[in-house]
Amino acid sequence: MNQRHAESLGQSFTDPSHEPSRFLYVAPLLSEVDRITKACPDLNFRNPQPVEGRKLHHLSTLLDEGANICTTHALFSLLNREIYEKLRRQKYALIIDEVLDCVSMFDGLSNCDRELLFNERLVYLEPGTNRLRWNHREHGVYKGEFDNIRDLCDNGNLVLYRGKALIWEFPIEFLKCFDQVYVLTYMFHGSPMSAYLRAESVDFDMKTLVDGKLVSWAENSDETETKQKLKELITVYNGSANQLGQPKGRENPLSSSWFDKRKSEDLAKLKAATENWFKKHARTPANDNAWTTFKKAGKALKGTRYSKKECWIPNNAKATNDFRHKKSLAYLCNVFYHPMIKGYFEDRGITVNEELYALSEMIQWIWRSQIRDWKPITVFIPSARMRGLFLEWLDSSSVAEMIERKAEHGYARAMSAPLKSWPNKGGFSSERHPETESQSLTQASQEDSQEVQSASQPSVLTVPGAKIRGLSLRDVFSSGEATLPMRPQGLSPATTLPPKRVSFVEAIKQLERQEA
């Protein structure tokens, strides 16, 4: 970005009609906004501040000024039609750090209020889309309790699903107003954003980083070297405490619905097993311990050696560096798509990869720890499904291989595959692991994906390699330097190379050179 900005300014002096490049960078957390701003001083990123009590108002003002803007996912999700029009005229490039939460359940309207809105003809369903729209013909000057609902209807955010529930959705036209869209993430195929783009018929071009250059992801997605090193650093517990996570019949132990049905004695057993694991297996002080579960079960499962506030990491945590000293991790979750979100996509003809989704959520959480700095960790994953997925990923050569395998097996559970053992380098017992086969990526949609440059669709470029073989984006785009495993073209996957250090600025420069 720094280089493109400098070149664009220089071109403005020789060509008065040329408009300098403008960037809107969207990060998950405010702390990341501060870091990006400091890392790109020449771009003079502006972070919207509360003006007249609203950051959205200041964002609108900054767009009028044509400023480079760095903000959070949360504020970006509040875009309205007025801001959309300004973005479209200003021709911004959008860079999204981690996938957006494009589709979620909307709980800001009770069933009684929803019925009232329809009965009073304040809203109506848009034919063909089931979007809630405000009835401006009869209530165009409305001011009152439902102002927020009116604005969401005008944006096209609200969808009535099967006549029962409201879903919040990011309007696809809000992405179409950008000249280019970059999504920096890992395991994009498992994300709801991937399903969202496919549901909206938006093509995306998959790229990765090799030697600091953007190249085809399908042809350069091998992670063999990195996985070998990770297996030496990550110890996954295998012992009797995992019995609580073994499925019985049709149940899914440690899933959200499982916790809803558990008796207090069942939760007490899981708590005791976790306490025992931290005490007898991890053997690390509380300050080095971290754990997670679904929020509703947190109070019942909190125990000795992990009860401190700083031990808790939300199960959907991304981007934060606050826990990079953690050595021992307990992941007490079994993650699935929300059934209505899954059904919403399936009703639109989109099959979601639920296994990759669960795996990507868990990897994001584990990478909050010191493994991001290539330091050893030990992990307790009592859910047989989640543990099997994680071990399968560690033993796979690439995400592409896992995508193909899941497609072949109909997204079958990883734990149903044949298992093997591999040496434990960390001093604790290792877990049995699913066999893997060397497979090539054959999905035509990935091989033939291309940028869409028409006015009807945005040009979306996903950069799973920004995670560089499983590393967090923050390790790549750091204000200083980050250690990245790189393998030049022509070397075999078994070739061991010293880590290469790449600065944030250099990584951004490579992005811009490839775009140019």
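Up top is the structure these notes are about.
Here's what I pulled together on the structure shown here. (Residues numbered from 1 in each chain as written. Predicted model: local features only at pLDDT ≥ 70, side-chain atom pairs only at ≥ 80, totals over all residues. Heavy atoms only, no water.)

## As for the overall build of the chain
Scanning the chain for helices and strands turns up 21 helices and 20 strands. Each of the 516 residues in the chain was classed as buried or not, and the buried ones make up 54%. Taking as baseline every contact in the chain between residues at least 6 positions apart, the subset at least 24 positions apart corresponds to 72%. Carbon and sulfur atoms make up 48% of the accessible area of the chain, which totals about 22800 Å². (Helix = DSSP H or I, 4+ residues; strand = E, 2+ residues; numbered from the N terminus. Buried < 20%, exposed > 50% of the residue type's maximum accessible area, 1.4 Å probe, protein only. Contact = heavy atoms within 4.5 Å. Areas by Shrake-Rupley, 256 points an atom, 1.4 Å probe, with all protein chains shown as cover.)

## Focus on the sheet that holds strand β12 (residues 234–236)
Within the open sheet, the 4 strands sit side by side as β12-β15-β14-β13. Their pairing is parallel. A strand with exactly one partner marks an edge of an open sheet, and here the two such strands are β12 and β13 (289–292). The sheet shows a mean angle of 20° between the axes of neighbouring strands, direction not considered. Note that β13 and strand β14 (residues 328–331) share 4 bridges and pair parallel. When the sheet's bridge partners are listed, W291 is paired in β14 with A330. Sitting on the sheet, helix α13 (residues 264–282) is in contact with β13, β14 and β15 (377–380), with an inclination near 155° to β14. (Pairing = 2+ DSSP bridges. Axes fitted to C-alpha atoms, helices over the stretch in contact; angles between N-to-C directions.)

## Considerations on the packing of helix α3 (residues 55–65) against helix α5 (residues 81–90)
Contact geometry of α3 with α5 gives a least axis separation of 10 Å together with a crossing angle of 20°. One finds that α3 runs roughly parallel with respect to α5. The two elements α3 and α5 cross, and the hand of that crossing is left-handed. Residues L56, L59, S60, L63 and D64 of α3 form the contact with α5, whose own contacting residues are E82, I83, K86, L87 and Q90. Residues that form the contact of α3 with α5 fall into these classes: 5 nonpolar, 2 polar and 3 charged. (Parallel < 35°, antiparallel > 145°, perpendicular 65-115°, else oblique. Left-handed = near helix turned anticlockwise from the far one by under 90°. Nonpolar A, V, L, I, M, F, W, Y, C, P; charged D, E, K, R; others polar.)

## Quick look at the nonpolar core
Membership of the largest hydrophobic core comes to 122 residues, with the highest contact counts inside it found for I234, F345, I366, F390 and W393. The element that contributes the greatest number of residues to this core is helix α16 (residues 354–366), accounting for 8 residues. Each residue touching F390, except ones within four places of it in the same chain, is listed here: I234, V236, L359, M362, I363, I366, W367 and I381. Ranked by size, the runner-up nonpolar core spans 13 residues in total, among them F23, A27, C40 and L184. (Core = buried A, V, L, I, M, F, W, Y, C linked by side-chain atoms within 4.5 Å.)

## Points about the pattern of salt bridges
The final tally for this structure, using the stated rule, is 25 salt bridges. As a salt-bridge pair, D147 and R150 come within 3.3 Å of each other at their nearest N and O atoms. On the criterion of helical spacing, the pair formed by D147 and R150 is a turn pair, its members being 3 residues apart in helix α8 (residues 147–155). Owing to a relative accessible area of 24%, D147 belongs among the partly exposed residues under this scheme. Here E223 makes a salt bridge to K227, at a shortest N to O gap of 2.9 Å. Neither E223 nor K227 differs from the other in exposure class; each is buried. Ionic contacts of the salt-bridge type, sharing partners, join the residues R131, E169, E200 and R348 into one network. (Salt bridge = Lys/Arg side-chain N within 4 Å of Asp/Glu carboxyl O.)

## Some details on the side chain of N220
Note on placement: N220 falls in the loop between β11 (213–216) and α11 (224–233). At 2.9 Å, the side chain of N220 and the backbone oxygen of S216 are in polar contact. (Polar contact = N/O pair within 3.5 Å; in protein donor to acceptor, adjacent residues only side chain to side chain.)

## What about the environment of S110?
As for its position among the elements, S110 is in the loop between β4 (103–105) and α6 (111–119). Along the primary structure S110 and A165 are separated by 55 residues, whereas in three dimensions their C-alpha atoms are 9.9 Å apart. Within the local environment of S110, its side chain forms a polar contact with the backbone nitrogen of D113, the two atoms lying 3.1 Å apart.

Remember that the coordinates give geometry; whether it matters functionally is a separate question.
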